[in-house]
Protein chains: 2
Amino acid sequence: MLNPVEHMAAPAAARVGDTLADVDTPSLILDLDAFEDNLRMMQALAERHGVALRPHAKAHKCPDIALRQIALGAQGICCQKVTEALPFVAAGVRDIHISNEVVGAPKLALLARLAGSARISVCVDHPSAAQALSAALAQTGATAGVLVEIDVGQKRCGVQRPDEAVALARTLAGLPNLEFLGLQAYHGGLQHKRSIGQRRRGAEKAARQVRRYLRAFQQAGMPCPRVSGGGTGSALFDAAGQVYTEIQAGSYPFMDADYARLDWGDALLLRHSLFLLGTVMSTPTPERAIVDVGLKSTSAESGLPRAVAGKGLHCVAINDEHLILKADHARDRPSLGAKLRLIPGHCDPTFNLHDSLVAMRGDRVEAIWSISARGLSR
Amino acid sequence: MLNPVEHMAAPAAARVGDTLADVDTPSLILDLDAFEDNLRMMQALAERHGVALRPHAKAHKCPDIALRQIALGAQGICCQKVTEALPFVAAGVRDIHISNEVVGAPKLALLARLAGSARISVCVDHPSAAQALSAALAQTGATAGVLVEIDVGQKRCGVQRPDEAVALARTLAGLPNLEFLGLQAYHGGLQHKRSIGQRRRGAEKAARQVRRYLRAFQQAGMPCPRVSGGGTGSALFDAAGQVYTEIQAGSYPFMDADYARLDWGDALLLRHSLFLLGTVMSTPTPERAIVDVGLKSTSAESGLPRAVAGKGLHCVAINDEHLILKADHARDRPSLGAKLRLIPGHCDPTFNLHDSLVAMRGDRVEAIWSISARGLSR
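Residues numbered from 1 in each chain as written. Chains lettered and ligands numbered in written order. Predicted model: local features only at pLDDT ≥ 70, side-chain atom pairs only at ≥ 80, totals over all residues. Heavy atoms only, no water.

Enquirer: Looking at this structure, I do not really get the UniProt feature "domain: D-serine dehydratase-like" (unreviewed entry) in chain A. What am I missing?
Expert: Within this structure's numbering, the places UniProt gives as "domain: D-serine dehydratase-like" (unreviewed entry) are residues 273-361 of chain A. For residues 273-361 of chain A, helix accounts for 6% and strand for 45%, while the C-alpha atoms at its two ends are 11 Å apart. (UniProt positions renumbered as here; feature names shortened; annotations may be inferred. Helix = DSSP H or I, 4+ residues; strand = E, 2+ residues; numbered from the N terminus.)

Enquirer: So what exactly am I meant to see when it comes to the interface of chain A and chain B here?
Expert: When the parts of a complex come together, some accessible area is lost, and that lost area is often used as the size of the interface. In this complex, chain A contributes 75 residues to the contact, which on the side of chain B involves 75 residues. Together, the buried faces of chain A and chain B total about 6300 Å²; carbon and sulfur atoms form 54% of this surface. On the chain A side of the interface with chain B, the three residues burying the most area are R156, K296 and R378 of chain A, jointly 11% of the side's total. At the boundary of chain A with chain B, the tally comes to 14 salt bridges. Here R378 of chain A and D24 of chain B are joined by a salt bridge, their closest N and O atoms 3.8 Å apart. For the interface between chain A and chain B, the tally reads 32 residue pairs in polar contact (both at pLDDT 80 or more). (Contact = heavy atoms within 4.5 Å. Buried area = accessible area lost by both parts, 1.4 Å probe. Salt bridge = Lys/Arg side-chain N within 4 Å of Asp/Glu carboxyl O. Polar contact = N/O pair within 3.5 Å; in protein donor to acceptor, adjacent residues only side chain to side chain.)

Enquirer: What is the right way to look at the pattern of salt bridges in this model?
Expert: Pairs can form between side chains of opposite charge whenever their charged atoms are close. Taken as a whole, this structure holds 46 salt bridges over all chains when the rule is applied. D258 of chain B is the partner of R261 of chain B in a salt bridge, and the nearest nitrogen-oxygen pair spans 3.2 Å. A salt bridge links E321 of chain B to K296 of chain B; the shortest N-O distance between them is 2.8 Å. Remark: K296 of chain B occurs in the loop between β11 (288-291) and β12 (306-307) and E321 of chain B occurs in the loop between β13 (313-318) and β14 (323-327); sequence separation between them is 25 residues. Shared partners join several salt bridges into a network, and the residues in it are K58 and D348 of chain A together with K296, D320 and E321 of chain B.

Enquirer: I'm lost on the domain arrangement of chain A in this one. Help?
Expert: All names here are of chain A. Looking at the assigned domains, one finds that chain A contains domain 1 (5-29 + 270-370) and domain 2 (33-252). Counting residues at the interface gives 13 residues for domain 1 and 19 residues for domain 2. Together domain 1 and domain 2 conceal approximately 1500 Å² of surface at their shared face, both sides included; 54% is due to carbon and sulfur atoms. The largest share of the area that domain 1 buries against domain 2 comes from L270, R271 and W369, three residues that together contribute 43% of it. Put simply, domain 1 and domain 2 have 4 salt bridges between them. Among the ionic pairs, E36 bridges to R361, the shortest N-O distance being 2.9 Å. Contributing elements (two or more residues each) for the side of domain 1 that touches domain 2: α10 (347-351), β16 (356-361) and β17 (364-370). For the side of domain 1 that touches domain 2, the element with the highest residue contribution is α10, accounting for 3 residues. Here the side of domain 1 that touches domain 2 is built from residues that sort into 5 nonpolar, 5 polar and 3 charged. (Domains from an automatic or database assignment. Nonpolar A, V, L, I, M, F, W, Y, C, P; charged D, E, K, R; others polar.)

Enquirer: It is not clear to me how the sheet that holds strand β8 (residues 226-229) of chain A should be interpreted in this structure. Could you clarify?
Expert: By definition, the strands of a sheet pair up through backbone hydrogen bonds, in either a parallel or an antiparallel sense. Residue and element names in this part refer to chain A. The strand order β2-β9-β8-β7-β6-β5-β4-β3 describes an open sheet built from 8 strands, whose pairing is parallel. Of all the strands in the sheet, just β2 (52-53) and β3 (77-79) have a single pairing partner and so form its edges. Examined bridge by bridge, strand β5 (residues 119-124) and strand β6 (residues 144-150) share 4 bridges and lie parallel to one another. The residue of β6 that forms the bridge with V122 is V146. Against the sheet, helix α5 (residues 127-140) makes contact with β5, β6 and β7 (178-185), and its axis sits at roughly 140° relative to β7, the strand it touches most. (Pairing = 2+ DSSP bridges. Axes fitted to C-alpha atoms, helices over the stretch in contact; angles between N-to-C directions.)

Enquirer: What is the right way to look at helix α5 (residues 127-140) of chain B in this model?
Expert: Since the α-helix packs 3.6 residues into each turn, any two residues three or four apart lie on the same face. Residues and elements named next belong to chain B. Between its first and last C-alpha, α5 extends 21 Å over 14 residues, near the 20 Å set by a 1.5 Å rise per residue. Within α5 the residues assigned to the buried category are A129, A130, L133, S134, A136 and L137. Seen from one end, α5 has its buried residues packed into an arc of 165°, which puts them on one side. On its buried face, α5 is in contact with α4 (105-114), β5 (119-124), β6 (144-150), α6 (162-173) and β7 (178-185). G141, located one to two residues past α5, shows a positive phi value of around 80°. (Expected span 1.5 Å × (residues − 1). Buried < 20%, exposed > 50% of the residue type's maximum accessible area, 1.4 Å probe, protein only. Arc of directions from axis to C-beta.)

Enquirer: Just checking my understanding: could you explain the pairing of β6 of chain B for this structure?
Expert: Both faces of the sheet carry side chains from a regular strand, because those side chains alternate between them. Residues and elements named next belong to chain B. Within β6, 7 of the 7 residues are buried, which leaves it mostly tucked inside the rest of the structure. The sheet contact formed by β6 and β7 spans 7 bridges and is parallel. Opposite L147, over in β7, you have G182 as the bridge partner. Read as a crossover between parallel neighbours, the route from β6 over α6 to β7 is right-handed. (Right-handed = clockwise from strand over helix to strand, strands pointing away.)

Following this line, the structure appears as structure tokens:
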């Protein structure tokens, strides 16, 4: 056989030193200058208000990014799943909050192993989950921190009333290998409200809920040192609101198309740093161009990606492997083989479609980072 | 250090011999009995009408599935991307049609290498793409088959008029290392029309378009032996319509929730074989349950997954890592830790989120198949 394909791996999308024109497509591209500005901006916001920043690594799933966030002053990171934490611990991250409920024996056994190598905390919203967690930790002898998750309006997980939270914290205090740290209060729904006023009012309403819980702990004589939560859309208000002790923002390094539709006023002017690079693979009519980006390389549940080039060019539909662009005039249509930068609709699920991230300094590939937690959803 | 996490891989979701209750979540599950019925049903349809079946491997990205389709009589497979073809060639598939335009030097170089190990064909809709393909093949000395893609109403790729197709076929005939095989005519839009009558009329309209092109080739005295296209939604009509020589259906082994919404009359009664297995991770209210399946384990652009259990339980929202279920009554709400089977909205992008497929025979894990082309989007 001429070509031993049995040993042929898919070629890498890019090599260090390549220019953007050399990068194969579809690829996920990071503009390092904009990315680093965004990292500094959020860290500065947190420091200005004396709260910790604990960036959410579910957004990027990339240890190289987490290490840079920590180097700039972040307290540690959040992960959303136990397996997701694994490559971050392996890369040397030593403080990880799993900002989610963990249910099931294999997951708890892995969490207990990780808790032997790093400071691990996790959310609990049910006494039986607390007991199972304690029992799993007892197997390895490790200890984990616990935040009681409270529902401040998202209507997802979390206890529903202050007395429930206090009772659960008492249960936790009585169980071995657990340390009650405080509360998690996250409101995903308000992160994406367009108007800055709506987000401010939503954040204030959530903060009032948190204060009700804090009063119940005070009345019960139980210390509740940590309140963790907040996101990119509400960080401005969460950091300033004197309720949260740490902010869990995840998307801020990237500024996807969904977040870019928000009104940001004159504060926290994050820059687009994350792009999809696509190639025009067909130009069947003078006004139509088809790009080789699809639902398998960008998520679209928060809207289509947005083409960076020219005002006369619009993404009109996306299929599994095709993005259909319509030009206002023939002169606005890119030619066959042209490469285009696109801003993804939603960064988190888009990172989860790629194994690597091409980190660019200007027009040069500076590094290729592994998205090591891609697909680690258990 | 107690736990050498540097060498800790994420534990496997299941082992052969496990029962469904042992499988960790979220996992992608295949019911082999239903799957094998579906494979036989579509193969029988093709054979009844004397057309070839060339299943689309973009749906599953899994060589173990492709080998079973071929063992039952499929002509070969389709892939949508050049890198996607790589694990199938490595697994021994020797006839692959890349049902898409391929543009860019790295992609063409890989295609030329693959064409040395397997019979490879590809779509072309522009003369300059034909020239670049020929030049890349000349570098390895291999030959590839070419289908001219024609636009039969999808408004995506493909030439727009019969005279364009004939002219492009003439160009192809004059270029070294290329063999003109015929036409590709695919209409994605009509696959998902609900009513069987709409799909029939749509398929007939597309077939009339194809006949216009075939007449132009006849008038030009050029043989056009192959017409490839069709999908799961229109296969009944495409197979019977005497225009297609091969059918490219992809989703038929699985029957996702989107296809299940279609009216199928009394023909081609495909069974659900593909499921997501999720765990109830939070039960914050008597009527609400949160499952550990999200946009990172199932695609939702064609609708939410559907819970198999009980009529009183509904998927109402999905986030990156959470699926929110609402029960009509407290008695319909599953309990904390319960495992649920869900039917994914759209199989293709869902397969692309998983590295492995848990193949079940009844309640037992019979095999774990690698979704080897997961993420191969270039």
